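# Architecture at a glance
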Amino acid sequence: MTESREQRASQIPRDAANWATQTDAVRLSAVPTGARNLNVEGKQAVGPLQGFGPMWQKTYRVRLQGSDATPKDVIAAWKENFPKFWPPGNTFYAPLTGIAPGEAALINSSLPGGMPLSTGVMVLYADDESFTLMTTQGHPFSGWVTFSATVESEGGMTCTVAQAQVLMRANDPLYAVGMRFGGHKQEDRIWEWTLASVAKHFGVEAQVDTNCQCVDRRPQWRRAGNIWYNAGIRSGMYVMTTPVRFVARPFSRPRTGA
Amino acid sequence: MDQTQTFGVRATEGAAVIDITGELNASSDPALSDAYAQASELSGLILLNFAGLEYMNSSGIGLLVTLLIRANRQKKRLAICGLSDHYRHIFQITKLDDAMKIYETEADALGSDR
């Protein structure tokens, strides 16, 4: 432990290329055709410490018994087909350059009750055997989701296990209420469907194991102001004011610049 | 235990130090948790010394979040020292620097507590 500060600072660890580099606002490299681009560009990526509600760690796992796919095969397929593995009614617009550190993706979905939701995530970390998405301000939850694959043995049988692990807090008081009344179920359904889709991709029909653990029951009241960025409210207002924007369009000044 | 990672615990004046060396990833969970349990019996201030950290992935950062929550619940203070520029940057991106006190060196951390 006698290494100097200068020596440590000059070393480039082998994980360096796997992490996002920006600490300021999220930037989209391009907007995919058909995507509703709201509540992402210019927003901060937020982790589980910045949310409001109780902190949950949710783990969804599926054993790819009978498949000879390696963890690297699973993660490569998962990155490539991420939008296809999502359940109907939720659209994940992956970055055009693929799932790579620092890239942002748009999500067009709906909240329980049918309210449209436009939000997004940033790729916080990506390597050959895992990748992590971090939510942006206004997303229903503040946190990250890590997708990984490992080889595990059980009863003398070895197989690859695919996993999604969510570490999150509801982002604001409104979402915290929503999470209690259907939000958690909806989220479980998304990841259970996703894991089942990953297994199917490798020809495996298997049960997804879900483990939900409340890590911290206490809400963080100082984060109640996150509601200002609530993407559900903002998306709803955007949809409601669509006729006004349509009428005003002929009178609006054309945008200049790039 | 995985030979690519160690979590040594030692008592110093005013703090218990966990020296994190090698890798911090999902497989570190039991060893880090044990180290934390030992450290929390020694002092109210637990200092994670990252000077020997060689590799960390996002699961490793997740472990630090759950460790922080555990420390808060037990009314212990968790502080960090010995981060390289690279890992300090990761603490900024993940916003862990909002929630944990970060010191340049172990001496700085222990000095500030006196």
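Refer to the preceding data block for the structure.
A brief look at the structure comes next.

Moving on to the overall build of chain A. A tally of regular secondary structure across chain A gives five helices and nine strands. What you see for chain A is a C-alpha radius of gyration of 20 Å, in line with the 18 Å of a compact globule of 258 residues. With respect to the three principal axes, the spread of C-alpha positions in chain A is 70 × 50 × 40 Å. Restricting the contact set of chain A to residue pairs at least 6 apart, pairs at least 24 apart contribute 69%. On chain A, roughly 13,000 Å² of surface is accessible, and the fraction owed to carbon and sulfur atoms is 55%. Once the 26 positive and 21 negative side-chain charges of chain A are each reduced to a mean point, those two points are 12 Å apart.

To continue, consider the layout of surface pockets. One number sums up the size of the largest pocket: a volume of about 1,000 Å³. Taken together, 37 residues make up the lining of the largest pocket; nearest its centre are Gln165(A), Ala26(B), Ser27(B), Ser59(B) and Leu63(B). Of all the secondary-structure elements, those providing two or more residues to the lining of the largest pocket are β2 (55–63), β7 (141–154), β8 (157–170) and β9 (209–216) of chain A together with α1 (29–42) and α2 (58–73) of chain B. Sort the elements by how many residues they give to the lining of the largest pocket and α2(B) lands first, with eight residues. Residues that form the lining of the largest pocket fall into these classes: eleven nonpolar, 16 polar and ten charged. Looking at the second largest pocket, its volume works out to about 530 Å³. Residue assignment for the lining of the second largest pocket shows that the elements contributing at least two residues are β4 (104–110), β5 (116–126), β6 (130–136), β7, α3 (173–201) and α4 (231–240) of chain A. The element that contributes the greatest number of residues to the lining of the second largest pocket is α3(A), accounting for ten residues. When the residues that make up the lining of the second largest pocket are grouped by side-chain class, the tally is 19 nonpolar, eleven polar and one charged.

Turning our attention to the sheet that holds strand β4 (residues 77–81) of chain B. Residues and elements named next belong to chain B. Spatially, the five strands line up as an open sheet ordered β1-β2-β3-β4-β5, and their pairing is mixed. Single-partner strands in this sheet number two, and they are β1 (5–12) and β5 (101–103). The sheet shows a mean angle of 25° between the axes of neighbouring strands, taken without regard to direction. Across eight bridges, the pairing between strand β2 (residues 15–24) and strand β3 (residues 45–56) is parallel. Counted as the bridge partner of Glu23 is Tyr55 from β3.

Turning to the pairing of β4(B), a few remarks are in order. Residue and element names in this part refer to chain B. A large share of β4 lies buried, amounting to four of its five residues. For β3 and β4, the ladder comprises five bridges, and the chain directions are parallel. Directly across from Leu48, in β4, lies its bridge partner Ile80. With α2 bridging β3 and the parallel β4, this β-α-β connection has right-handed handedness. Here three bridges tie β4 to β5, and the two strands are oriented parallel to one another. What sits directly across from Cys81, in β5, is Tyr103.

Okay, the interface of chain B and chain A next. Taken together, the 34 residues of chain B in the interface contact 36 residues of chain A. Together, the buried faces of chain B and chain A total about 2,900 Å²; carbon and sulfur atoms form 59% of this surface. Its largest share of buried area at the contact with chain A, chain B owes to Ser58(B), Ile93(B) and Lys95(B), together 21% of the area lost on that side. For the pair chain B and chain A, the number of links is twelve residue pairs in polar contact (both at pLDDT 80 or more).

Excluding glycine, a negative phi dihedral is what most residues carry, and trans is how most peptide bonds are arranged. Residues and elements named next belong to chain B. Phi angles above zero are rare outside glycine, and Lys75 is one such case at about 60°. One can find Lys75 in the loop between α2 and β4. Among the residues examined, Lys75 registers a relative accessible area of 70% and is labelled exposed. With a phi angle near 65°, Lys95 is a residue other than glycine that sits in the positive phi range.

Residues and elements named next belong to chain A. This model, assessed by the stated rule, comprises 13 aromatic pairs over all chains. Their ring planes at 90° and their centres at 6.2 Å tell us that Trp78 and Phe131 sit as a pair that is edge-to-face. Taken together, the residues span a long stretch of sequence, with Trp78 in helix α2 (residues 71–81) and Phe131 in strand β6 at a distance of 53 residues. Note on Phe82 and Phe131: the rings are 5.9 Å apart at their centroids and 70° apart in plane angle, and the pair reads as edge-to-face. On the criterion of sequence distance, the pair formed by Phe82 in the loop between α2 and β3 (91–93) and Phe131 in strand β6 is long-range, its members being 49 residues apart. As far as burial versus exposure is concerned, Phe82 and Phe131 are alike and both buried. Connected via pairs of aromatic rings, a cluster forms that spans Trp78, Phe82, Trp86, Phe92, Phe131, Phe147 and Trp191.

Cut-offs and rules
- Along each chain, the written sequence defines residue order, and numbers are assigned to residues from 1.
- Key to labels: chains lettered from A, ligands numbered from 1, both in the order written.
- Per-residue local features are limited, in this predicted model, to residues with pLDDT of at least 70; the limit for side-chain atom pairs, both in listing and counting, is 80 or more; totals at the level of whole chains, interfaces and linings are taken over all residues.
- Where side-chain values are given, they derive from all heavy atoms of the structure, hydrogens and water being excluded.
- The secondary structure listing takes helices from DSSP runs of H or I that are at least 4 residues long and strands from runs of E that are at least 2 residues long, numbered from the N terminus.
- Note that the radius of gyration is over C-alpha atoms, with the globule rule given as 2.2 Å times the number of residues to the power 0.38.
- Only heavy atoms enter the contact rule, under which two residues are in contact if any of them lie within 4.5 Å.
- Here the accessible surface of atoms and residues is derived via Shrake-Rupley with a 1.4 Å probe, and residues count as covered only by protein chains that are part of the display.
- Here Asp and Glu are counted as negative and Lys and Arg as positive; His is not counted, and neither are the chain ends.
- Charged groups are reduced to one reference atom each: NZ for lysine, CZ for arginine, CG for aspartic acid, CD for glutamic acid.
- Space inside and on the surface of the protein is sampled on a 1 Å grid over the protein atoms alone, with a cavity defined as a set of points where a 1.4 Å probe fits but cannot get out and a pocket as an open set with protein on both sides within 12 Å along at least 5 of 7 lines; lining residues have an atom within 4 Å of a point.
- Grid points are joined across faces, edges and corners, and a volume is the space filled by probe spheres set on the points.
- Just so you know the grouping, Ala, Val, Leu, Ile, Met, Phe, Trp, Tyr, Cys and Pro go in nonpolar, Asp, Glu, Lys and Arg go in charged, and all remaining residues, Gly too, go in polar.
- The criterion for strand pairing is that DSSP finds at least two bridges linking the strands in question.
- Throughout, an axis means a line fitted to C-alpha atoms (over the contacting stretch in the case of helices), and angles, computed between N-to-C directions, take values from 0 to 180 degrees.
- Each residue's exposure class comes from its accessible area (1.4 Å probe, protein chains only) as a fraction of the maximum for that residue type: buried when under 20%, exposed when over 50%, partly exposed otherwise.
- Assignment of crossover handedness uses the view with strands pointing away from the viewer, where a clockwise path from the first strand over the helix to the second indicates a right-handed crossover.
- By convention, the term buried area covers the 1.4 Å-probe accessible surface removed from two parts as they join, with the contributions of both added.
- Pairing of N or O atoms within 3.5 Å defines a polar contact, subject to two protein rules: one partner must be a possible hydrogen donor and the other a possible acceptor, and residues neighboring in sequence count only if both atoms are side-chain atoms.
- Only Phe, Tyr and Trp rings take part, Trp by its six-membered ring, and two of them pair if their centres are within 6.5 Å. Stacked means planes under 30 degrees apart, edge-to-face means over 60, and tilted covers everything else.

Everything listed is a geometric property; what it means functionally is a separate question.
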